[in-house]
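Structure at a glance
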Amino acid sequence: MSVEKNVKIKVISTICPIEGDGETYELWLQGIWLKKNGKMYLRYEEIIEDQTIRTTVKMNNDDALILRCGAVNMRLPFSTECKQNGHYDTMYGTLPLQTKTYHLGFEHVDEDNISGRFNVQYDLIISGQSVGHYTLEIQYTEGQA
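Residues numbered from 1 in each chain as written. Predicted model: local features only at pLDDT ≥ 70, side-chain atom pairs only at ≥ 80, totals over all residues. Heavy atoms only, no water.

**A look at the packing of aromatic side chains**
In this structure the tally under the stated criterion is two aromatic pairs. Measuring from ring centre to ring centre gives 5.3 Å for Y122 and Y134, while their planes differ by 15°; the resulting arrangement is stacked. Of the two residues, Y122 sits in strand 9 (residues 114-126) while Y134 sits in strand 10 (residues 129-142), which places them 12 residues apart along the sequence. For the residue pair Y122 and Y134, the accessibility class agrees, reading buried in each case. (Phe/Tyr/Trp six-rings, centres within 6.5 Å; stacked < 30°, edge-to-face > 60°. Helix = DSSP H or I, 4+ residues; strand = E, 2+ residues; numbered from the N terminus. Buried < 20%, exposed > 50% of the residue type's maximum accessible area, 1.4 Å probe, protein only.)

**Side note on the side chain of R68**
With respect to the helices and strands, R68 occurs in strand 5 (residues 63-70). Within the local environment of R68, its side chain forms a polar contact with the side chain of E46, the two groups lying 2.6 Å apart. Among the polar contacts made by the side chain of R68, one reaches the side chain of T55 at a distance of 3.3 Å. Not counting chain neighbours up to four residues away, the residues in contact with R68 comprise E46, I53, R54, T55, N73 and M74. (Polar contact = N/O pair within 3.5 Å; in protein donor to acceptor, adjacent residues only side chain to side chain. Contact = heavy atoms within 4.5 Å.)

**A word on the pairing of strand 9**
Inspection of the sheet shows strand 8 (residues 93-110) paired to strand 9 by 12 bridges, in the antiparallel sense. Of the residues in strand 9, the one forming a bridge with L104 is V120. What sits between strand 8 and strand 9 in their antiparallel hairpin is a turn of three residues. Once strand 9 ends, the chain turns through two residues before running back antiparallel as strand 10, passing S127 with a positive phi of about 55°. (Pairing = 2+ DSSP bridges.)

**Side note on the pattern of salt bridges**
Counted under the stated rule, the structure contains four salt bridges. A salt bridge links E26 to K10, with the shortest nitrogen-to-oxygen separation between them at 3.9 Å. Linking E26 in strand 2 (residues 23-36) with K10 in strand 1 (residues 2-17), this pair joins segments that are 16 residues apart in sequence. The shortest N-O distance in the salt bridge between R117 and E107 comes to 3.4 Å. Of the two residues, R117 is situated in strand 9 and E107 in strand 8; the sequence distance between them amounts to 10 residues. (Salt bridge = Lys/Arg side-chain N within 4 Å of Asp/Glu carboxyl O.)

Here is the structure:
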């Protein structure tokens, strides 16, 4: 059995590159919260320079997965147990990535209104080298943006 609800989503992404200054991005989006086979997902679309990126976030306390497709194709898995292998597709081919997860948190309230928060802190590793420390927080509440 699966359940779907419209949700308002706030995405806060902080990137602290190994070299250079850190940046924080904040997005407000309309999306869908989905519960299927006991797993919870968020789905939303971003439009960047007339290109659409569809994102699916599989949320859990022990592991998580972010899939992006469209203008950007990327698979980013997270686990607090060990480094995870992912990839980023470029026009020149597929770039293998690794994530080293420091913190993974997921809180979900399912009473009258669905709401919750997912956050992950990780290093992004390309060719064996960390390119930066990333923090992603996604807050969601039932309703229309």
